[in-house]
Amino acid sequence: MKRVFSGVQPTGNIHLGNYLGALKQFVELQDDHECIYCIVDMHAITVPQDPKVLKEHILDVAALYLAVGIDPKKSIVFVQSDVSGHAELSWILTCNSYTGELSRMTQFKDKSKNKESAPTGLFTYPVLMAADILLYDTDVVPVGNDQKQHIEICRDLAGRVNGKFPGTFVIPDGRFLKEGARIMALDDPTKKMSKSAENIHSRISLLDDPTKIKKSIMKATTDSDGVVRFDVENKPGISNLLNIYSALSGMSISDLENKYEGKGYGDFKKDLVEVVIEALTPIRNRYEEIRNSQELLDILKEGAVKADMIAQKTMKRVKENFGLGL
């Protein structure tokens, strides 16, 4: 089976966009791939973090991994900082990367914009991400379209090292979302749904209660046309809601357009509320059941041991090729 690796940062509550864009893929892939899923806490400290809050968020994300259907009997689930190979390989790759290529990274340019100086960790973030992937001889990386540049630099670094020392790394492929599945903010459908947006009704978090879900959807931006039709350019709000409805219900967008022909946005939104609540209630229930359990801690400890065994094998090969150690 091909090996899959991906990770999620422990920063805030995971929302519907994260679920449909990444976690749902994670669950689907584990049936016919060897999957390794990580909580990437080392990436989180590229910006200041409260240590106590960070630890809680690590467990939050781990519990949500399991709540959405990731099975620790099929997949390895662990915390990035529990496996030292991530930092070790990141340094080796940093020594094989160039400031020019890192300075061209879109996310770095966005996050460092209008700042006199930026944290070095933010600059070298793509190298750590490459290390995460290459450490496990990964074949497939399921990510959103906004991560294409990071996958490209990972492949470039792996190819560069393999040019010097053939066979050092497996060169991974990205598994990207179809554009239609991209989930946008409810209050501004021209922007991606975000954990950090000030307006809490711009997103639906996986742990939102039914009252919050209903309020967010009923307040969602639409248009004055009154016709339920998919048209991203002219009707971005309704198109976004149709994407959510389709992804959670399994109905095609064309079937939804037919279902709501001649009906207004009120009926459409009320039904969408029910669809979202039905989809998220089992996730919230499972999360509450496992979040503070010893089972969760045991799964993460066992996952770290399994991940470290794979990582050590890779690091042994890398060090030998680079002439490191004795």
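Residues numbered from 1 in each chain as written. Predicted model: local features only at pLDDT ≥ 70, side-chain atom pairs only at ≥ 80, totals over all residues. Heavy atoms only, no water.

Draft legend 1. Here's a closer look at the packing of aromatic side chains. Tallied over the full model, the rule gives 10 aromatic pairs. Residues F26 and Y65 carry aromatic rings whose centres are separated by 6.2 Å and whose planes lie at 55° to one another, so their mutual orientation is tilted. Taken as a pair, F26 in helix α1 (residues 16–29) and Y65 in helix α3 (residues 51–67) lie far apart in primary sequence, 39 residues in all. Here the two residues F26 and Y65 agree in accessibility, since each one is buried. (Phe/Tyr/Trp six-rings, centres within 6.5 Å; stacked < 30°, edge-to-face > 60°. Helix = DSSP H or I, 4+ residues; strand = E, 2+ residues; numbered from the N terminus. Buried < 20%, exposed > 50% of the residue type's maximum accessible area, 1.4 Å probe, protein only.)

Draft legend 2. Main features of the environment of I217. Among the secondary structure elements, I217 is positioned in helix α10 (residues 210–218). The buried category is assigned to I217, whose relative accessible area is 1%. For the pair I217 and A22, spaced 195 residues apart in sequence, the C-alpha separation works out to 21 Å. In this structure, I217 is in contact with I204, K269, L272, V273 and V276, ignoring residues within four places of it in sequence. (Contact = heavy atoms within 4.5 Å.)

Draft legend 3. Layout of the layout of surface pockets. Each pocket or cavity is described by its volume, and for the largest pocket that value is around 1,400 Å³. Along its surface, the largest pocket is lined by 44 residues, and N18, D146, Q147, K192 and K195 are the ones closest to its centre. Where the lining of the largest pocket is concerned, the elements lending two or more residues are β1 (3–8), α1, α2 (41–44), α6 (106–111), α8 (125–134) and β4 (140–143). Top element by residues in the lining of the largest pocket is α1. It accounts for 7 residues. (1 Å grid on protein atoms, 1.4 Å probe; cavity = no way out; pocket = protein on both sides within 12 Å on 5 of 7 lines; lining within 4 Å. Points joined across faces, edges and corners; volume = space filled by probe spheres on them.)

Draft legend 4. Representation of the pattern of salt bridges in the model. This model, assessed by the stated rule, comprises 19 salt bridges. A salt bridge links D137 to R317, with the shortest nitrogen-to-oxygen separation between them at 2.7 Å. Taken as a pair, D137 in the loop between α8 and β4 and R317 in helix α14 (residues 294–322) lie far apart in primary sequence, 180 residues in all. With a relative accessible area of 23%, R317 lands in the partly exposed category. Where K316 meets E320, a salt bridge forms, and the shortest distance between an N and an O atom there is 2.9 Å. Linking K316 with E320, this pair stays in helix α14, spanning 4 residues, or about one helical turn. (Salt bridge = Lys/Arg side-chain N within 4 Å of Asp/Glu carboxyl O.)

Draft legend 5. Geometry of empty space enclosed by the protein. Summed over the entire model, instances satisfying the criterion amount to 1 cavity of 30 Å³ or more. Taken together, M105, Q107, F108, K111, L122, Y125, P126 and H150 make up the full set of residues lining the largest cavity. Secondary-structure elements contributing two or more residues to the lining of the largest cavity are α6 and α8. At 3 residues, α6 tops the list of elements feeding residues into the lining of the largest cavity. Here the residues of the lining of the largest cavity sort into 5 nonpolar, 2 polar and 1 charged. (Nonpolar A, V, L, I, M, F, W, Y, C, P; charged D, E, K, R; others polar.)

Draft legend 6. Broad picture of a negative patch on the surface. Together, D267, D271, E274 and E278 give the surface a local cluster of negative charge. Structurally, the position occupied by D267 is in helix α13 (residues 265–290). With relative accessibility at 39%, the residue D267 sits in the partly exposed group. (Patch = residues over 30% accessible without salt bridge, like charges linked within 9 Å, V, L, I, M, F, W, Y side chains within 5 Å. Areas by Shrake-Rupley, 256 points an atom, 1.4 Å probe, with all protein chains shown as cover. Lys, Arg positive; Asp, Glu negative; His and termini not counted. Charge placed at Lys NZ, Arg CZ, Asp CG, Glu CD.)

Draft legend 7. Representation of the nonpolar core within the structure. Core analysis: the biggest nonpolar cluster contains 61 residues, and L16, Y65 and L206 have the highest contact counts within it. Looking at which element gives the most residues to this core, the answer is α13, with 11 residues. With residues up to four places along the chain from it excluded, the contact list for L16 reads M193, I204, L206, I244, L248 and L280. Judged by nonpolar contacts, the second largest core, of 38 residues, contains V40, L93, I151 and F169. (Core = buried A, V, L, I, M, F, W, Y, C linked by side-chain atoms within 4.5 Å.)

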